[in-house]
Amino acid sequence: MSESYDLIVVGAGPAGSAAAYTAIESGISVLLLEEHPQIGIPLTCAEGLSRSTIKGYLDVEPEWISTELSGSMVRGPDGDEFKIEYPNVGWIMNRKVFDPALTKKAISNGALVETSSRAIGIEDNEVIVENSGERRRYGFKFLIAADGIASNVGSWMGIDTNLNLNEIESCAEYVIEDIEIDPRYAQLIFGDEYAPGGYAWILPKSCNSANIGLGVSLLKTKKHPKHFLDNLVKKEFPEGKIKERIFGCVPVKILKKFSGENFYLVGDAARFTDPLSGAGIANAVKSGVIAGRNAVLRLKGKEDHFEVEIKNEILKEITFHHKVRNVYLRLTDHDYRKIFRIGKRIFEGNTIDNINSRRLVREILLSSHHLFGLGFSLLF
Ligand SMILES: Cc1cc2nc3c(=O)[nH]c(=O)nc-3n(C[C@H](O)[C@H](O)[C@H](O)COP(=O)(O)OP(=O)(O)OC[C@H]3O[C@@H](n4cnc5c(N)ncnc54)[C@H](O)[C@@H]3O)c2cc1C
């Protein structure tokens, strides 16, 4: 007889830990499996988290934060810049502290967490796990797949989680130290020279360190993102010391189905990353909390609201951003320059307290015949 749990969660990133600490509060038995020996390591993330996206789902603790941002500097293809003053916009997190803290929340509520345990298959409501060369089987009544971009668990459960070339942003990032940087402002850089089909970010971790990276669309370039990142770093921070090199992908896909009779997919496994910004931490936590709550309803034989809540809280926004990305991928540097000028007119010299992406897109499209033509379907 294998050990059995009411709920098994695969993957102890923000999505999996949030699902586990939410579900365990109702007293069911929860096993959280993580393939790596340490939670939060290795990390593939620039660690930016906007306050508005996580509001109502998590109170961010000061010790999880590296820096608190007051806005951003936006740079266009010609090197021209403008500043967005946006006090309280959010934080650059320290995920090597943040991720384990979320897992600890699950443990202190009574969840069992097993590290160095990789799920390698699912058979007859059992997860097959490999740990130090040994195979074990754990039974479950309900399963939450929080295994990140790989999303193997989802495909074992019959969900098509495959990603085509146009459904990923390919990213490279260096953690750089020994530089001088204003820790209050994120820097965002647009243009095909810097990051074709994506953007570059300089996210300050302190006044002398930053996560510097970029994402590119493989539809717009065949070059590895490292090529563009090396150019940026050589130009901007020639003296900086590279402490970590990170390569990874952001999924950009809307799944038709992300739940089944006895399972849910959450976070990157469900492709809940924002198609424009690439941000996925907030949606990972949100979907984890929603999944944890609804899994308990299912286990108690009650009707659940997982799909509806996910549609309202996550999918509405990312579906719109998905459409905007399809337009974004067709833009040229000439278009970026136009958009840059419109952005500068809207934001420069003003202090803002939120950005409504629908209103912003509408304003940009209505400012130019050419952009209006490209983005007509977004408005109507
Ligand atoms: C370069 C880059 C920069 C990014 N920057 C940002 C940013 O600034 N802000 C932001 O919000 N988002 C960012 N993201 C996205 C963000 O990192 C993810 O959206 C977020 O980590 C998703 O959380 P998750 O819990 O779904 O998945 P993950 O954080 O990927 O966690 C999944 C966990 O599952 C484990 N796992 C996988 N397979 C198995 C298995 N078979 N068995 C057991 N365990 C398994 C993994 O080890 C991992 O711990 C970035 C992504 C990239 C690639």
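Please read all numbers here as calculations on a predicted model, not as lab measurements. (Residues numbered from 1 in each chain as written. Predicted model: local features only at pLDDT ≥ 70, side-chain atom pairs only at ≥ 80, totals over all residues. Heavy atoms only, no water.)

Enquirer: It is not clear to me how the overall build of the protein should be interpreted in this structure. Could you clarify?
Expert: From N to C terminus, the protein includes ten helices and 16 strands. Taken against the 2.2 N^0.38 rule, which gives 21 Å for 380 residues, the C-alpha radius of gyration of the protein at 21 Å falls within 12% of a compact globule. Along the longest, intermediate and shortest principal axes, the C-alpha atoms of the protein span 65 × 50 × 40 Å. Considering the protein as a whole, with its 380 residues, one finds that 53% of them fall into the buried category. (Helix = DSSP H or I, 4+ residues; strand = E, 2+ residues; numbered from the N terminus. Rg over C-alpha atoms; globule rule 2.2 N^0.38 Å. Buried < 20%, exposed > 50% of the residue type's maximum accessible area, 1.4 Å probe, protein only.)

Enquirer: Looking at this structure, how should I read the site of the ligand?
Expert: The local shell around the ligand holds 34 residues, among which Glu 34, His 36, Ala 46, Gly 48 and Asp 268 are the closest. Thr 44 is positioned with one of its backbone polar atoms (N or O) 3.3 Å from an oxygen atom of the ligand. Between the ligand and the protein, one listed contact pairs a nitrogen atom with a backbone N or O atom of Gly 48 at 2.8 Å. When the ligand sits alone it has 1,000 Å² of accessible area, and the protein chains cover 89% of it. Only α1 (14–24), β7 (118–123), β14 (241–251) and α6 (281–299) provide two or more residues apiece to the shell around the ligand. Looking at the shell around the ligand residue by residue, the class counts come to 16 nonpolar, eleven polar and seven charged. No fewer than three residues from each of domain 1 (3–44 + 96–164 + 253–325) and domain 2 (64–94 + 165–251) sit in the shell around the ligand. (Near = heavy atom within 4 Å. Polar contact = N/O pair within 3.5 Å; in protein donor to acceptor, adjacent residues only side chain to side chain. Areas by Shrake-Rupley, 256 points an atom, 1.4 Å probe, with all protein chains shown as cover. Nonpolar A, V, L, I, M, F, W, Y, C, P; charged D, E, K, R; others polar. Domains from an automatic or database assignment.)

Enquirer: What is the right way to look at the domain arrangement of the protein in this model?
Expert: By a widely used convention, the size of an interface equals the accessible area lost when the partners come together. Considered domain by domain, the protein is made up of domain 1 (3–44 + 96–164 + 253–325), domain 2 (64–94 + 165–251) and domain 3 (328–379). Taken over C-alpha atoms, the centre of domain 1 sits 35 Å from the centre of domain 3. Taken together, the contact pairs seven residues of domain 1 with six residues of domain 3. Counting across the domain 1 and domain 3 interface gives zero salt bridges. If you look at where domain 1 meets domain 3, you find four residue pairs in polar contact (both at pLDDT 80 or more). (Contact = heavy atoms within 4.5 Å. Salt bridge = Lys/Arg side-chain N within 4 Å of Asp/Glu carboxyl O.)

Enquirer: For this particular structure, what's the right way to read the sheet that holds strand β11 (residues 185–189)?
Expert: Backbone hydrogen bonds are what pair the strands of a sheet, in a parallel or an antiparallel way. The eight strands lie next to each other as β3-β5-β4-β11-β12-β13-β10-β14, forming an open sheet whose pairing is mixed. Two strands bound the open sheet, and with one partner strand each, they are β3 (48–50) and β14. With strand direction ignored, the average angle separating the axes of adjacent strands in the sheet is 30°. Pairing geometry for β3 and strand β5 (residues 81–93), over three bridges, is antiparallel. Residue pairing for β5: Leu 49 is matched across the bridge by Trp 91. (Pairing = 2+ DSSP bridges. Axes fitted to C-alpha atoms, helices over the stretch in contact; angles between N-to-C directions.)

Enquirer: How should helix α9 (residues 357–366) be read in this particular structure?
Expert: Residue pairs three or four apart in sequence face the same way in an α-helix, which turns once every 3.6 residues. Of the positions making up α9, those classed as buried are Ser 357, Val 361, Ile 364 and Leu 365. Here the buried residues of α9 occupy an arc of 95° about the axis, which is enough to place them on one side. Summarising the geometry of α9, the exposed residues directed more than 90 degrees from the buried face are Arg 359 and Leu 366. (Arc of directions from axis to C-beta.)

Enquirer: How should I be thinking about the packing of aromatic side chains in this particular structure?
Expert: By convention here, two paired aromatic rings are described through the distance between centres and the angle between planes. Evaluated as defined, the whole model comprises eleven aromatic pairs. Here the aromatic rings of Phe 142 and Tyr 264 are separated by 4.7 Å at their centres, their planes lie at 65°, and the arrangement is edge-to-face. Note that Phe 142 is positioned in strand β9 (residues 134–145) and Tyr 264 in strand β16 (residues 263–265), a separation of 122 residues in sequence. A ring pair is formed by Tyr 264 and Phe 306, whose centres lie 3.8 Å apart and whose planes are at 15°; its orientation type is stacked. Residue Tyr 264 is found in strand β16, and its partner Phe 306 is found in helix α7 (residues 306–328); the two are separated by 42 residues along the sequence. Note that Lys 105 overlies the ring of Tyr 21, its terminal NZ or CZ placed 4.5 Å from the centroid. Taking NZ or CZ as reference, Arg 358 lies 4.3 Å from the ring centre of Phe 320, over its face. (Phe/Tyr/Trp six-rings, centres within 6.5 Å; stacked < 30°, edge-to-face > 60°. Lys NZ or Arg CZ within 6 Å of the ring centre and 35° of its normal.)

Enquirer: Please clarify how the side chain of Asp 6 should be interpreted in this entry.
Expert: Within the secondary structure, Asp 6 is located in strand β1 (residues 3–10). A polar contact is formed between the side chain of Asp 6 and the side chain of Lys 141, at a distance of 3.0 Å. Filtering out sequence-adjacent residues up to four positions away, Asp 6 remains in contact with Ile 28, Ser 29, Phe 140, Lys 141, Phe 142 and Leu 299.

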